There are 4 protein chains.
Amino acid sequence: MSGNTFGVLFKVTTFGESHGKALGAVIDGCPPNLDLGEADIQAELYRRKPGAHKASTSRKEEDRVEILSGVFEGKTTGTPIALLIHNTDADSRDYEQLRDVFRPGQGDFTYLKKYGIRDHRGGGRASGRETAARVAAGSIARKLLAREGIEVVGCTVELGGIAIERYSRTDIAGNRLLCPDPGAAKRMEQKLEEARGGGDSLGGIVEVRVTGCPAGLGEPVFDKIDADLAKALMSIGTVKGVEIGAGFEAARMKGSECNDPIGPGGFKTNHAGGTLAGIATGQEMIIRAACKPIPSIDLEQETVDVQGNPQKISIRGRHDACVIPRVIPVCEAMVCLVIADHLLRQRTIR
Amino acid sequence: MSGNTFGVLFKVTTFGESHGKALGAVIDGCPPNLDLGEADIQAELYRRKPGAHKASTSRKEEDRVEILSGVFEGKTTGTPIALLIHNTDADSRDYEQLRDVFRPGQGDFTYLKKYGIRDHRGGGRASGRETAARVAAGSIARKLLAREGIEVVGCTVELGGIAIERYSRTDIAGNRLLCPDPGAAKRMEQKLEEARGGGDSLGGIVEVRVTGCPAGLGEPVFDKIDADLAKALMSIGTVKGVEIGAGFEAARMKGSECNDPIGPGGFKTNHAGGTLAGIATGQEMIIRAACKPIPSIDLEQETVDVQGNPQKISIRGRHDACVIPRVIPVCEAMVCLVIADHLLRQRTIR
Amino acid sequence: MSGNTFGVLFKVTTFGESHGKALGAVIDGCPPNLDLGEADIQAELYRRKPGAHKASTSRKEEDRVEILSGVFEGKTTGTPIALLIHNTDADSRDYEQLRDVFRPGQGDFTYLKKYGIRDHRGGGRASGRETAARVAAGSIARKLLAREGIEVVGCTVELGGIAIERYSRTDIAGNRLLCPDPGAAKRMEQKLEEARGGGDSLGGIVEVRVTGCPAGLGEPVFDKIDADLAKALMSIGTVKGVEIGAGFEAARMKGSECNDPIGPGGFKTNHAGGTLAGIATGQEMIIRAACKPIPSIDLEQETVDVQGNPQKISIRGRHDACVIPRVIPVCEAMVCLVIADHLLRQRTIR
Amino acid sequence: MSGNTFGVLFKVTTFGESHGKALGAVIDGCPPNLDLGEADIQAELYRRKPGAHKASTSRKEEDRVEILSGVFEGKTTGTPIALLIHNTDADSRDYEQLRDVFRPGQGDFTYLKKYGIRDHRGGGRASGRETAARVAAGSIARKLLAREGIEVVGCTVELGGIAIERYSRTDIAGNRLLCPDPGAAKRMEQKLEEARGGGDSLGGIVEVRVTGCPAGLGEPVFDKIDADLAKALMSIGTVKGVEIGAGFEAARMKGSECNDPIGPGGFKTNHAGGTLAGIATGQEMIIRAACKPIPSIDLEQETVDVQGNPQKISIRGRHDACVIPRVIPVCEAMVCLVIADHLLRQRTIR
């Protein structure tokens, strides 16, 4: 039990169910005297909202974050920062029919097995809605990183099997899918439309890059920075794989190809993805997370109820057809939390 | 600092450098009354030794583990179990030439950046030799798991770009590479021989399967069992990517393909790899780790010394050409530690 | 940083300042299927309220706790339980004059030294008000303990130098000071009245007893149950000393007097206070906490402002003259948290 | 389980039983580039040895510490420092008669209740011998503190009911009992002789003072520096009470007496003992620990065996008659560990 805290020094504890009263996070260990207001956090929350890419007149009423503690006259005080996001739009009646049925690909079955009880409304704690608290907490880590000149940017590098062919950082913000290859973005959108039309869903791959990360961060042998990044991303419900730098491709390279030569000006390539022996090299850090297709689909699926009787189920509703792009700020948030934690850990060395 | 402890309840702390006096591990939290002797641990250590696959007359003199505490009359007592492995064969003179040069693909540069000092002999703490302590600790976790009917078996599923075409569990032990496809094993050996002949090295992919794992293990939302497995494997120096179940392939599937249907007899497929929402489903757990090629190669590489002057370097010696198969028991050990830890964590729920 | 979480398995994180928006706690690791409602928590909160002993018509408007998560249909679900207590009565204008002055005996000076910034309103995070979150969290631990037949009861054993002469458990609830000796209680009240009249304050000693605690709880060598109890109580701002069983008096005994003989029916005395070698014996556990006098007094005191200039200060207002009896439920709460945590830790042994 | 690690950033894990192969400690988180050799540690170990006060020709053969890792060319490297102390003099035959009998005042009964198995030889893990590992680890913390100008000095302030009447720091080293009042020291020695002659034992009180501790150390609200000190000292088997500053006496003071006035030159008194609201004030830190009499006495005592049959027992042998002075370096070591840990924790704030 008690697996809802992340980090050693920049420590985040989250709580909340999809259809409970509220979601939230307590950040303990944020350094004092950091400028912080609700607007800083709100900006990140908007990025993970449903429909955030469309006309956004309605969004301001929802997912409002409230800072309850730890900030005084616009600055952090070093005491715990509690963030609250009320669930305003939670109509749990929709879920009554799912009280006794296990949705395929969801945590319904495992939560019941683990705890012997479950809040079935909207997936309860296993809902993707839980990640709002991560994004809120991550936005504070992001402010800390910004003060140190560290930037964390995520994007879509593959969706529905369509991979990018080029990486243009400036193009990321130019399309709804946050894709660094505008041409690929169009094909991805089309593929997404087809899946949506067929009542199905798609998966994809998110890449997060960290620039400005100082060499030295990371705590061997177990709390290597890549190990903590892997945990951080794999702890997002939708993620089934994580890789750093060349990643799985490294397994197909020779040593002479994979090793990054070093010159007087620094590393000449970056197959390592910015980490060697679990410690940041100072190069750009590159992490990719494979996201499975959203399990809630209109198509009929086989399952059982809690008594073990066969059932047919189709999850009708306004589901997204892909976690991308909404999962991108979540991935970024988790990366921000890891880097902020290691930034503080490294301060103890001198 | 202080990143050398792994686990929450089944807690392992390791220590030791490649050419220091000894390596070791302290296991705190192992339940009492578990049968344990040095032979149990030794058997696993033999599996990761250099040349373990060849005639093994010489091996008994080396990597001898000693239990210093926590075991009384052949049973664990619940107190910390300290394990010691003396470094007998450590001739550090070989490394004097590397005192001031950063080997590409190794931790030489980052350790110095982080700590401002480094033990250059054989890679110091960043050496693969560190994993002997993991294997020793993991062997105790394995005994605990065995008592609960849980088994952890690793194998080679890809090497030098050659992937297996079939998975035959009984064939794993039948070849040196622990490959479940004997035909592929032969092609892998050939590829390995070529690389070795050319003074180069290869990477590969290890798969670990856990059978008998009870449903319910895993602690959302951050200490999900897949998140902890990802961290565990990514904390091995050579690993650049980790995936669970369908993994990166899931990113290319549709929801209707990826979801595992449930019938009265249980799940009908296992794309999830034995975990849903971060909790074990009770199915076989399937994890893969991508290993980069060994960075120590005979071929000349560009680098710099600590003053930043360009240098050419070639690491001559008796290096393996691939971490596979020696890394397999290391991967298994880390998986054993995660499962044992979550087994104990789940006991607190009732 | 990050010192606001208590416990290893039954884990509590608190937040909130005296005059901020709210106080609260997140309990992570509470077992599922425990009956829990806001009324359970509210009952304990009433006990620590100012004036709780007097006619209590007004109290229902204040210190209302809200359960935000982790409880479904009246039962805990195993997910984090977030508790919120809004600060309704916080008029921070009263404190403007204290913005730049350090009150003697308070955390004003040290918080500024530590963080370089402080929320001066009502003591901020250092206010005794923080303990409301502890009491709220402790009330959940108490419910868990009750299910196992464990009871935690605190009382006043000394106040203003007046010590009890007898211990009658049934008399504790019969007087405002929760004193097990009604005669002593009267003399304490009189002494308290004198101090209040003189604008001064008094200290006292609280004793907490745990009955029904099973033998075996406690984790040597550092997380001994008495060590964790000592930390738990000493973490309350007002506490300056903690002792177990015979405590400081044990230092004046001979071995032949202090050792508790064991007979077929169990221990014959209890100088140990229910713990041997850091593990519960199964006897009654007895812990005492020495509380200093409340530092806020009407009498004029010497101090300095943030510039170091001498100042005279007297803290006028409706301050209590002693933390007793309000601190008693706080002490009980901390003891409940320790016992609950060790109860869960012991479950991992079998 | 797993209660053998102490500290958050300066982290110590100890292991070993009284009559096992060895005792030891792993220190993870010690900053790099600290001068360290075995002689530094050995010097502290000598202070807790039996008969350390007498002619010491024999002592050099025993309790030899060996540094196994984490130190390179006389400096710490930032990697875990493993310390080993072999048990050379352990003749476990003496203890065969105690295999099935519970010694009063010892952990025999509780260890068996907790774990269902115990190493009966010399108390096993519950032996005072375990503290050798604490002293070894503490000596490294002490070196770190010395580099920052922080000094930790313990002494005897009460023994067998005889309290000091004056505190002369320079006199501490002048007598075997490390007593700051030479006159009291003589009376204590006499009392000790009487107890020893009668086959009995005595308790006493140790005081530890920390000078040079910078203001700001300590992590409210749970990891207050006094809370961590209380835990640290109470985790020593013999300690039954801990107090800071005025301690239990504070409970008998008025607010106007207990508050420390502040002047332009700093605090004018130090009833607080160097901590306010859980954070160091920069004044001298003063902590006292009450030690019970050693339970092993020649006098006959009542007990039972593991079957519950009544037994008479007298522990003949060369036992000390009081843990003082040998426990003093243990108390100092625990205080050093706490201060070192908080020193590192404070570094994360800026």
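Calculation notes
- Residues numbered from 1 in each chain as written.
- Chains lettered and ligands numbered in written order.
- Predicted model: local features only at pLDDT ≥ 70, side-chain atom pairs only at ≥ 80, totals over all residues.
- Heavy atoms only, no water.
- Helix = DSSP H or I, 4+ residues; strand = E, 2+ residues; numbered from the N terminus.
- Rg over C-alpha atoms; globule rule 2.2 N^0.38 Å.
- Buried < 20%, exposed > 50% of the residue type's maximum accessible area, 1.4 Å probe, protein only.
- Contact = heavy atoms within 4.5 Å.
- Areas by Shrake-Rupley, 256 points an atom, 1.4 Å probe, with all protein chains shown as cover.
- Lys, Arg positive; Asp, Glu negative; His and termini not counted.
- Charge placed at Lys NZ, Arg CZ, Asp CG, Glu CD.
- Pairing = 2+ DSSP bridges.
- Phe/Tyr/Trp six-rings, centres within 6.5 Å; stacked < 30°, edge-to-face > 60°.
- Lys NZ or Arg CZ within 6 Å of the ring centre and 35° of its normal.
- Salt bridge = Lys/Arg side-chain N within 4 Å of Asp/Glu carboxyl O.
- Nonpolar A, V, L, I, M, F, W, Y, C, P; charged D, E, K, R; others polar.
- Least-squares fit on C-alpha atoms with pLDDT ≥ 70 in both.
- Core = buried A, V, L, I, M, F, W, Y, C linked by side-chain atoms within 4.5 Å.

(A) The overall build of chain A, seen in detail. The number of helices and strands found in chain A is seven helices and 18 strands. Taken against the 2.2 N^0.38 rule, which gives 20 Å for 350 residues, the C-alpha radius of gyration of chain A at 21 Å falls within 12% of a compact globule. Over its C-alpha atoms, taken along the principal directions, chain A stretches across nearly 65 × 50 × 40 Å. A total of 350 residues make up chain A; the buried ones form 67% of that total. Across chain A, the fraction of contacts at a sequence separation of at least 24, relative to all contacts at a separation of at least 6, is 68%. Surface exposure of chain A reaches about 11200 Å², of which carbon and sulfur atoms provide 47%. Averaging the coordinates of the 46 positive side-chain charges in chain A and doing the same for the 46 negative ones gives two points 1 Å apart.

(B) Structural detail: the sheet that holds strand β16 (residues 285–291) of chain A. With antiparallel pairing, the ten strands of this open sheet are ordered in space as β9(A)-β8(A)-β10(A)-β16(A)-β11(A)-β11(B)-β16(B)-β10(B)-β8(B)-β9(B). One side of each edge strand has no neighbouring strand; the edge strands of this open sheet are β9 (162–163) of chain A together with β9 (162–163) of chain B. Pairing analysis gives seven bridges linking strand β10 (residues 204–211) of chain B to strand β16 (residues 285–291) of chain B, with the strands arranged antiparallel. If you follow E207 of chain B over to β16 of chain B, its bridge partner there is R288 of chain B.

(C) Examining the packing of aromatic side chains more closely. All told, the structure shown has 18 aromatic pairs over all chains when counted by the stated rule. Each ring, one from F102 of chain D and one from F109 of chain D, has its centre 5.4 Å from the other, and the planes form 85 degrees; the classification is edge-to-face. Here the two residues F102 of chain D and F109 of chain D agree in accessibility, since each one is buried. Ring-pair connections join several aromatic residues into one group, and the members of that group are F102 and F109 of chain A together with F267 of chain B. The ring of Y115 of chain A is capped by K114 of chain A, whose NZ or CZ atom sits 5.7 Å from the centre of that ring.

(D) Structural detail: the interface of chain B and chain D. Contact with chain B, which involves 50 residues of that partner, is made by 50 residues of chain D. Summed over the shared surface of chain B and chain D, the result is six salt bridges. Notably, a salt bridge pairs E38 of chain B with K21 of chain D, separated by 3.7 Å at the nearest N-O pair. Counting only elements with at least two residues in the side of chain B that touches chain D, the list comes to β2 (11–15), β3 (22–28), β4 (65–67), β6 (75–76), β7 (81–86) and α2 (108–115) of chain B. With four residues, β2 of chain B is the single largest residue contributor to the side of chain B that touches chain D.

(E) Main features of the interface of chain B and chain A. Tallying the contact residues gives 102 residues for chain B and 102 residues for chain A. Taken together, the links from chain B to chain A amount to ten salt bridges. For K231 of chain B, the salt bridge goes to D228 of chain A, with nearest N and O atoms at 2.8 Å. Looking at the side of chain B that touches chain A residue by residue, the class counts come to 47 nonpolar, 32 polar and 23 charged. Bridge count for strand β11 (residues 239–244) of chain A against strand β11 (residues 239–244) of chain B is three bridges, and the pairing is antiparallel. Opposite V242 of chain A, over in β11 of chain B, you have V242 of chain B as the bridge partner.

(F) Broad picture of the pattern of salt bridges. Counting across every chain of the model gives 140 salt bridges over all chains. Its salt-bridge partner being R176 of chain C, residue E189 of chain C comes within 2.8 Å of it at the nearest N-O pair. Placement of the pair is E189 of chain C in helix α4 (residues 182–197) and R176 of chain C in the loop between β9 (162–163) and α4, with a sequence separation of 13 residues. Note on E189 of chain C: relative accessible area 28%, which makes it partly exposed. The closest approach of N and O atoms between E96 of chain D and R99 of chain D, which form a salt bridge, is 2.7 Å. Taking the relative accessible area as the measure of exposure, E96 of chain D reaches 42% and is therefore partly exposed. Look at the salt bridges and you will find they share partners, linking E151, R169, E207, R209, E243, E284 and R288 of chain A into a network.

(G) Spotlight on the relation of the copies chain B and chain A. Taken as rigid bodies, chain B and chain A are interconverted by a rotation of 180 degrees and an axial shift of 0.0 Å, the fit giving an RMSD of 0.0 Å. These values place the two chain copies in the arrangement generated by a two-fold rotation axis. When C-alpha positions in chain B are compared against the rotation axis, the closest is assigned to K231 of chain B, at 2.4 Å. In this assembly, 100% of the residues forming the interface of chain B have copies in chain A that are likewise at the interface, indicating an isologous arrangement.

(H) Structural context of the nonpolar core. The biggest cluster of nonpolar side chains holds 356 residues, and the ones touching the most others in it are F10 of chain A, F10 of chain B, F10 of chain C together with F10 of chain D. The residues contacting F10 of chain D, other than those within four sequence positions of it, are I27, D28, G29, C30, I140, A141, L144, L337, A340, D341 and L344 of chain D.

(I) Molecular detail of the side chain of T238 of chain B. Residues and elements named next belong to chain B. Along the polypeptide, T238 turns up in the loop between α5 (225–234) and β11. On the accessibility criterion, T238 (11% relative accessible area) is buried. The residues contacting T238, other than those within four sequence positions of it, are A290, C291, K292, V323 and V327.

(J) Local environment of unusual backbone geometry. Here the bond from I324 of chain A into P325 of chain A is cis, since omega is 10 degrees, no more than 30 degrees from zero. Relative to the helices and strands, P325 of chain A resides in the loop between β18 (310–313) and α7 (327–346). Each neighbour pair has its own omega, and for P220 of chain B with V221 of chain B the value is 0 degrees, a cis peptide bond. Take V221 of chain B: it is sitting in the loop between β10 and α5. In this model, A277 of chain A sits at a positive phi of 60 degrees, which is unusual for a non-glycine residue. Here A277 of chain A lies in the loop between β14 (275–276) and β15 (279–280). The class of A277 of chain A is buried, set by a relative accessible area of 19%. Here L178 of chain B, not a glycine, exhibits a phi torsion of approximately 50 degrees, which is positive. By the secondary structure assignment, L178 of chain B is in the loop between β9 and α4 (182–197).

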